[in-house]
Each structure stands twice: as structure tokens, then as C-alpha cells.
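For reference, the chains in residue letters:
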Amino acid sequence: MIIAVLLITIPIAIIKTKKINIRETSLLTTKEVTTITDNPTTKEQNKTKCNRWKQQGITVAGGNGQGNEVSQLSAPEGIFINDNNTIFVADYYNNRIIEWKHNSSNGQIVINETDQLWSPTDVIVDQEKNFLIVADSANQGVTRWFCENLTNPQILMSYIYSYGLAMDKYGFIYVSDSGNNEVRRWAEEEPDGTVVAGGNKEGYSLNQLTKPAHIFVDEDYSVYVTDMNNHRVIKWKKDAKYGIVVAGGHGPGISLDHLYWPNGVIVDHLRQIFVADSGNHRIMRWNEGDTEGSIVIGGNGKGTESNQLNTPSDLSFDVEEQNKTKCNRWKQQGITVAGGNGQGNELSQLSAPEGIFVNDNNTIFVADYYNNRIVEWKYNSSNGQIVMNETDQLWSPTDVIVDEEKNFLIVADSANHGVTRWSCENKTNPQILMSDIYSYGLAMDKYGFIYVSDSGNNEVRRWAEEEPDGTVVAGGNKEGYSLNQLTKPAHIFVDEDYSVYVSDMNNHRVIKWKKDAKYGIVVAGGHGPGMSLDHLYWPNGVIVDHWHHIFVADSGNHRVMRWNEGDTEGSIVVGGNGKGTKSNQLNTPSDLSFDVEGNLYVADKNNHRIQKYERCFE
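Please read these numbers as outputs of a predicted model, since none were measured by experiment. (Residues numbered from 1 in each chain as written. Predicted model: local features only at pLDDT ≥ 70, side-chain atom pairs only at ≥ 80, totals over all residues. Heavy atoms only, no water.)

### So, the overall build of the protein
- Each helix and strand counted, the protein has one helix and 52 strands in total.
- Across the 618 residues that make up the protein, the buried fraction comes to 60%.
- Considering only contacts in the protein between residues 6 or more positions apart, those separated by 24 or more positions represent 47%.
- Of the roughly 24500 Å² that the protein leaves accessible, carbon and sulfur atoms contribute 45%. (Helix = DSSP H or I, 4+ residues; strand = E, 2+ residues; numbered from the N terminus. Buried < 20%, exposed > 50% of the residue type's maximum accessible area, 1.4 Å probe, protein only. Contact = heavy atoms within 4.5 Å. Areas by Shrake-Rupley, 256 points an atom, 1.4 Å probe, with all protein chains shown as cover.)

### Side note on the packing of aromatic side chains
- Under the criterion given, the structure shown has 14 aromatic pairs.
- Ring centres of Tyr-92 and Tyr-93 lie 5.0 Å apart, and the angle between their planes is 75 degrees; on these two criteria the pair is classed as edge-to-face.
- Ring pairs connect the aromatic residues Trp-53, Phe-274 and Phe-317, which therefore count as one cluster.
- Between Arg-232 and the ring centre of Tyr-204, over which it is positioned, the NZ or CZ distance is 4.6 Å. (Phe/Tyr/Trp six-rings, centres within 6.5 Å; stacked < 30°, edge-to-face > 60°. Lys NZ or Arg CZ within 6 Å of the ring centre and 35° of its normal.)

### Topic: the environment of Ser-306
- Relative to the helices and strands, Ser-306 is located in the loop between strand 25 (294-298) and strand 26 (314-317).
- Looking at Ser-306, the relative accessible area reads 32%, which means it is partly exposed.
- In sequence terms Ser-306 and Ile-58 are 248 residues apart; their C-alpha atoms lie 7.0 Å from each other.
- A distance of 2.4 Å separates the side chain of Ser-306 from the side chain of Gln-56, its partner in a polar contact. (Polar contact = N/O pair within 3.5 Å; in protein donor to acceptor, adjacent residues only side chain to side chain.)

### A look at the environment of Ala-75
- Within the secondary structure, Ala-75 is located in the loop between strand 5 (58-62) and strand 6 (76-81).
- Sequence spacing of Ala-75 and Tyr-93 is 18 residues, and the spatial spacing of their C-alpha atoms is 6.1 Å.

### Brief notes about the sheet that holds strand 6
- The sheet built from four strands is open, its strands ordered 6-7-8-9 with antiparallel pairing. The open sheet has two free edges, formed respectively by strand 6 and strand 9 (108-111), since each of these has just one partner strand. The mean angle between the axes of side-by-side strands here comes to 30 degrees, regardless of whether they run parallel or antiparallel.
- Across five bridges, the pairing between strand 7 (residues 87-91) and strand 8 (residues 96-100) is antiparallel. From the neighbouring strand, Phe-88 faces strand 8, where its bridge partner is Glu-99. (Pairing = 2+ DSSP bridges. Axes fitted to C-alpha atoms, helices over the stretch in contact; angles between N-to-C directions.)

### What to know about the sheet that holds strand 46 (residues 549-554)
- Within the open sheet, the four strands sit side by side as 45-46-47-48. Their pairing is antiparallel. Of all the strands in the sheet, just strand 45 (539-544) and strand 48 (571-575) have a single pairing partner and so form its edges. Averaged over all pairs of adjacent strands, the angle between strand axes in this sheet comes to 25 degrees, irrespective of strand direction.
- In the sheet, strand 47 (residues 559-564) pairs with strand 48 via four bridges, with the strands oriented antiparallel.

### A short note on the UniProt feature "repeat: NHL" (unreviewed entry) in the protein
- Annotation from UniProt places "repeat: NHL" (unreviewed entry) at residues 585-616.
- Between the C-alpha atoms that bound residues 585-616 there is a distance of 18 Å. The span itself is 0% helix and 56% strand. (UniProt positions renumbered as here; feature names shortened; annotations may be inferred.)

### Digging into the pairing of strand 23 (residues 272-277)
- When you tally the buried positions in strand 23, you get six out of six residues, the bulk of the element.
- In the sheet, strand 22 (residues 262-267) pairs with strand 23 via four bridges, with the strands oriented antiparallel. Paired with Val-267 across the strands is Ile-273, a residue of strand 23.
- Where strand 22 hands over to strand 23, the hairpin turn is made up of four residues, of which Arg-271 adopts a positive phi near 65 degrees.
- Where strand 23 and strand 24 (residues 282-287) come together, six bridges link them in antiparallel fashion.

### Overview of a nonpolar patch on the surface
- Where nonpolar side chains cluster on the molecular surface, the patch consists of Leu-206, Tyr-242 and Val-245 and spans about 270 Å² of accessible area.
- As for its position among the elements, Tyr-242 is in the loop between strand 20 (232-236) and strand 21 (244-248). (Patch = residues over 30% accessible without salt bridge, like charges linked within 9 Å, V, L, I, M, F, W, Y side chains within 5 Å. Salt bridge = Lys/Arg side-chain N within 4 Å of Asp/Glu carboxyl O.)

### Quick word on the side chain of Ser-555
- Here Ser-555 shows up in the loop between strand 46 and strand 47.
- A polar side-chain atom of Ser-555 sits 2.4 Å from the main-chain carbonyl oxygen of Trp-538.
- Every residue in contact with Ser-555, bar those within four places of it in the chain, is listed here: Tyr-537, Trp-538, Pro-539, Thr-588 and Pro-589.

### Things to note about the environment of Gln-56
- Its place among the elements puts Gln-56 in the loop between strand 4 (32-37) and strand 5.
- Taking C-alpha positions, Gln-56 is 4.8 Å from Asn-307, a pair spaced 251 residues apart along the chain.

### Overview of the pattern of salt bridges
- In total, this model carries 21 salt bridges according to the counting rule given.
- Here Arg-184 and Glu-182 are joined by a salt bridge, their closest N and O atoms 2.7 Å apart.
- Since its relative accessible area comes to 9%, Glu-182 is described here as buried.
- Across the pair Glu-459 and Arg-461 runs a salt bridge whose closest N-O atoms are separated by 2.8 Å.
- Take Glu-459: its relative accessible area is 8%, and that puts it in the buried class.
- In the salt-bridge network here, residues are joined through shared partners; they are Asp-218, Asp-220 and Arg-271.

### Here's the deal with the confidence of the model for the protein
- Model confidence for the protein is summarised by a mean pLDDT of 88, while 90% of its residues fall at 70 or above.
- Taken as a whole, residues 18-51 scores under 50 in pLDDT and shows 228 contacts with residues more than four places along the chain or in a different chain.
- Throughout residues 321-328 the model reports pLDDT below 50, and contacts reaching past four residues in sequence, or to other chains, amount to 29 contacts. (pLDDT = per-residue confidence, 0-100.)

### Some remarks on the side chain of Ser-278
- Looking at where Ser-278 falls in the secondary structure, it is placed in the loop between strand 23 and strand 24.
- A polar contact of 2.3 Å, which involves the side chain of Ser-278, links it to the backbone oxygen of Trp-261.
- Residues within four places of Ser-278 in sequence aside, it is in contact with Tyr-260, Trp-261, Pro-262, Asn-263, Thr-311 and Pro-312.

### Structural notes on unusual backbone geometry
- Unlike most non-glycine residues, Asn-85 shows phi in positive territory, near 65 degrees.
- In this structure, Asn-85 sits in the loop between strand 6 and strand 7.
- Judged by relative accessible area, which is 19%, Asn-85 ranks as buried.
- Positive phi is not limited to glycine here, since Tyr-159 has a value of about 55 degrees.
- On the secondary structure map, Tyr-159 appears in the loop between strand 13 (154-158) and strand 14 (162-167).

Structure (C-alpha cells):
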């Protein structure tokens, strides 16, 4: 079992809170510490966002009153948790960095006044190069200390009102300058740093900051800034001239759409934004685009009880969250979980499965193409159960999804040129959602709107009750290769921003259409058919995980590929060992899905089976 912890810094202690569940993986800090739990991913990404913590925090550092003993802290301002769950604390009024090993009752002083350190506000550790980086606020600088001897620090930046620190995946260091109202990125070749947020004097406009505090940098190099005196968190994408308000921004307040002196900020792998809402003595969680946040812990008034906080200042996750949940590797030997007994129409067989959906109970719904049926395969069953078939006038289904909230099955009934919706209760009298459409792939967004790829008209449509004919959201400009065109679109996926990812099969590419866009962006392939890592060959199934990795069933190459937007080539996830029937081989894979544990399911079409690839946490 994996345990997840959330650490929170408060004026005299660091508190930990934790929850045990099916899979627990995270840590957050605010001058107190807490444990987080979450589940990885299904075909509907928003089902996985279970991030709850016990409301009673456990003190893991300090908590023995304000003081300068090694069992005490005095206004800890910033924290960092390393891979061994050691906590490094910027102990502000004690003018020191103190190291608190896992389960220790006392800390160890790393750097203090004798090293000319005054009023540190943040600390991070470059674990690869073995350096401590410190925001030495009273000395108006950022220093780097070699962990081996902790002498002769290197001054990285000076004449800067340093407050918060962050480091990206390539080791570039980011510093918030609360005096000059900007964030700078430092590199060896750029000793003065480059402004990446703010820098346009104090103010409230989207190109300004007012006393930026702690910061966070995600994998796309977007910088999240707690814009403290503007009572908001603002996100600056790479090379952007303006930021986007992602939390607060309505002035100081206590309601769920407000923040009050926000300080610490951290973003998890689900892109959820956690904020130390210091003036409200609580930790808030927001998703980009939300009109209000939710209280994670605290919010019970200022106090010293285990369910209370007092001016939380910083947050951190532990190693279980940062590393274990970001392991995107699967065992290479697939396990057959449906079919695999030769092509046929028995309950233990499949015939060219084209689409799959895995629900929260790990039940697999299969669009069994040549058998003209939808088959439900319960977890660990050796046989499937027919849900609907030819007697229901179903012909050549290419995809199936389940609306688990409303208890409906939605089916791409390709030979009948339609999309039908069936009540899971009685599976009779289906509603025809769309007709006269060459339906192929299906997807559903978080509000229940249904998306359908029309392989004959080379477009993707979004269906809603009030729009029975649907609205074109991708393609619709005849067959072609231009960025506003598609050629035989196949399976599709819709992310939380309503971007539509389309396997543009005959153009051998995956193309992403942002909401309301007139043109798509090629995010995988696009160089014609081929088997090199920068090519796809008849791409079919596509799914995007919560790290925005794009997984593609590269059917003509008998493999599953993973791409990141902007990559010039992808990587092989499973398959790629030639066409075949072995457990490490595929034959024309057609669709993909994840279960709640992050295991990968592949509709291995011409092997007439569904393969499950177990996720490994290395």
C-alpha cells in the first residue's frame, strides 16, 4: 500500500495529515503536514480526482512553542520535502535552514546566522546536483550551497527581494522578487535572470503583480504565482506577456471564490492548484477555470487544534506523490482479459473488437464489430455477457461509452449511420441521438456533452439535448490534409479544457482542436505513414492522461505510442515487436482505455482480444 502525505507550514510547526484508501500517494506542507489520496485514470478523466485528507493534522516538525531550540521553529516560511521525506525548513525568525529527518523529534541546523543567513523565506534542494538553494530575503539574494560541506555559498542573484523559489525539470531556478513585482528564471548563462512573470511595476492588470510570494513551475514551464497583495493566484504560460487568474482575484474575502493573502502554491499531477490561503487559515484547491475553490484542510478559524491552522505559508508533497504517481510505465507482457479464444461469436470470443470502455468497477464494455454486438466483460470473468446485438438492430458497432452518472450506454452504430443511447436498466427502446452520420468514435466531456467522429463527412460533432443535429467542433471542411481538415477521423478524446483529440487516420496523425478553434494542431505523427518514432501508420484509438501525455493506438505499426504536445517524436509504450499473438505483441490495435489504477487496456482488434498491461511503479 502506498501512503500519501500533505505537508503544510504554519508559524511554529509543520503538520501532516493523511488518508488511507485504495491507493494513497501524496504530501503537502503549510507549517503543518497532511496525507493525500488519489486514483489514476479512466476514460473519463474527472472521475480520478479524489484528493481528500484527514482533517486532523499530525505535527512532524516544531510544535513546541516559538523558540530557537532544535525542537522548535519560529515562523517557518518555506519548506521542501526530499525523496527520503526529510523536511528542509526556512525558519524565518531563527535565521536558519533546519533539516528534519523522517520521524525525528528534533531538527538539525544546516545553515544559520553564523553563515550570514538572515530571514530566509524559501529553500529548495537540487537533488541531482546535491545543492541547497536559499531565498536569503534580508540579504536580498539567492544563494546556492553545496550539501557536502555547506561552506562558501555561490551567490546566484543579488539586489533582489527574493521570496519564493522553484526549479523546473531542467534545473533552471525561478525566483519571485516581491520588491520588483516579478518572477525571474536563473541559469548559469543568464546570471541576471530573465523575467517570466510580471515586471511591469506594481498593479492589478494581468501583466502585473503586487508582492508575489511563493511560486510553482509545472512540466510545461508555466509559472504559478501567489500574487499576495492582489489576493489571487496567477498562471503565466511559457513566454506569455500576460497571466491568467486561476484562483481568487476578487479582492480579499472568506467566501469560496476569494483568497486572503495567499502564500504557498503547488500544483499536482492532475493540474489541481493547492493554495495556502494564509489570511483565512486554510488550504484551498482550485482547478483552472473554476469560479470557486474548495477547502482541503483548515478553515475552522485560527487556532492550535489539530484541525486548525494559523497563517499557513507554504505547501509541499512528499515523494510518494511526486514520483510514484508519475511513473508512466507498463509491463510489456499483456494479460488477455476478454476474448483471446480465436475469432468467433461464443461468449468467450470476440470478432474484431473496435472500441472499448472500462468503468469504475473494471468492467469492460466492448464494441464487438463483426459480431454486431456490445459485450460486457466483468472483472476476472472468462465469458462476456451480451448487452445488445443484431436482434436490437445493432450493426457493426465501432465504439461504446458509458454515462455512469445517468446510467446510459451510448453506441456508435456505424452500419446504421447513427448514434444511439440505451438505458442500462432495460436496454430497450434506444433513443437515436444522431442519424445520417458515419459514426466511428465517441467521447463525453465532464458536462455530459457527447462527441462523435463522422468518418464519412470528415468532421467531429458535439451533441446536446438542445442541439440534436450537433455542432461541428473539428474538421467539417471536406477531406484533406490542411489543419482545418480531416480524412477519415477515427477514435477521439475530449480533455477537461474541451480540446478534442482526433485520430486523423488517413492523414496518419493525431490532431488537437482547442475549444472554438478553426484549425487543429498536429500533436503526433503528421509525416505520412511510417514506422519510425516520428511517424504513425493508421492511428486509431487515442486517450490523454492527466499529465497531458497522448497515447495512440498506432494500428498499422502494431504498437501503442506516447507523445507530448510539441514533441518531434513519440515513444513506444507497449507492442512494437511485430504483428503477432504473443503477450508482447499486438495485431492492429484499435482502441485504448485506462482503469482506475492506471492499467492500460488495448483492443487488440485482429487478435480478437482485449489486452491489459499492468502499470508498474518503479
